[in-house]
Amino acid sequence: MLSTRLGISFLLLFAALGGCDDATDDAAKYDDERDACVARINAFRDTLDLPPLERWRDGERCADDEAKADSKTKRAHSAFGSCGERAQNECPGWGSLEQVISGCLQMMWDEGPGEPYSEHGHFLNMSNTSYTSVACGFHVTDDGAVWAVQNFK
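Residues numbered from 1 in each chain as written. Predicted model: local features only at pLDDT ≥ 70, side-chain atom pairs only at ≥ 80, totals over all residues. Heavy atoms only, no water.

Notes on the nonpolar core
Core analysis: the biggest nonpolar cluster contains 24 residues, and Ile41, Leu105, Met126, Phe138 and Phe152 have the highest contact counts within it. Mapped onto this core, the elements with two or more residues apiece are helix H3 (31–46), strand S2 (87–94), helix H5 (97–109), helix H6 (117–127), strand S3 (133–140) and strand S4 (146–152). Ignoring sequence-local partners within four residues, the contact set of Phe138 consists of Tyr30, Glu33, Arg34, Cys37, Asp64, Ala67, Leu97, Val100, Ile101, Trp147 and Ala148. Core analysis: the second largest hydrophobic core is formed by seven residues, Trp56, Ala63, Ala67 and Val149 among them. (Core = buried A, V, L, I, M, F, W, Y, C linked by side-chain atoms within 4.5 Å. Buried < 20%, exposed > 50% of the residue type's maximum accessible area, 1.4 Å probe, protein only. Helix = DSSP H or I, 4+ residues; strand = E, 2+ residues; numbered from the N terminus. Contact = heavy atoms within 4.5 Å.)

Spelled out as structure tokens, the structure:
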């Protein structure tokens, strides 16, 4: 009984000292970037008087996992659909989190409306009024490349 108490006490102390990953910290790891991502997409939508998208918080960890999986396959959209999203935009292998928000999202918006979908799909996803929420997921590889997905639902 004493050894069990000591073991539990050790585990609690180990966790309190940061010896194990805290799921809450992991979920909040990219919180500022997620806010910035959603705000940037909504700023673009606002230029067309479109309603803002809600931040799809429940989909963010899964979006992170998709970004990580895609970084491993080195193929954008290879994990698409595993989070229940209806559409996805992706920024594969960018130089920084800031570049994703400022550069990649801008580049996708600049595709503008039109056909074919293959040339305008990112803009069409960002401006689609049937989507009500977006989850922004991020993964930074060991060599510093940033993979980011925006899942629309």
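Now that the structure is up, let's keep going.
Structural notes on the sheet that holds S4
Pairing is mixed in the open sheet, where four strands are placed in the order S1-S3-S4-S2. Looking at the sheet topology across the chains shown, the edges are occupied by strand S1 (54–55) and S2. One ladder, built from six bridges, connects S2 with S4; its direction is antiparallel. Residue pairing in the sheet places Glu90 in a bridge with Val149 of S4. The strands that H5 touches are S2, S3 and S4; relative to S2, the one it contacts most, it runs at about 130 degrees. Here H6 sits on the sheet and contacts S2 and S4; the angle it forms with S2, its principal contact strand, is near 125 degrees. (Pairing = 2+ DSSP bridges. Axes fitted to C-alpha atoms, helices over the stretch in contact; angles between N-to-C directions.)

A look at the environment of Ala39
Counting through the fold element by element, Ala39 comes out in helix H3. It is 9.1 Å that separates the C-alpha atoms of Ala39 and Arg55, two residues lying 16 residues apart in sequence.

A word on the pattern of salt bridges
Counting across every chain of the model gives six salt bridges. Of the charged contacts, one joins Arg57 and Asp31 as a salt bridge, the two residues approaching to 4.0 Å between their closest N and O atoms. Of this pair, Arg57 sits in the loop between S1 and helix H4 (60–73) while Asp31 is found in helix H3, placing the two residues 26 residues apart along the sequence. Measuring nitrogen to oxygen at the nearest pair gives 2.5 Å for the salt bridge that ties Arg55 to Asp35. Note that Arg55 is positioned in strand S1 and Asp35 in helix H3, a separation of 20 residues in sequence. Several salt bridges share partner residues, and in doing so they unite Asp31, Arg34, Asp35, Arg55, Arg57, Glu60 and Asp64 into one network. (Salt bridge = Lys/Arg side-chain N within 4 Å of Asp/Glu carboxyl O.)

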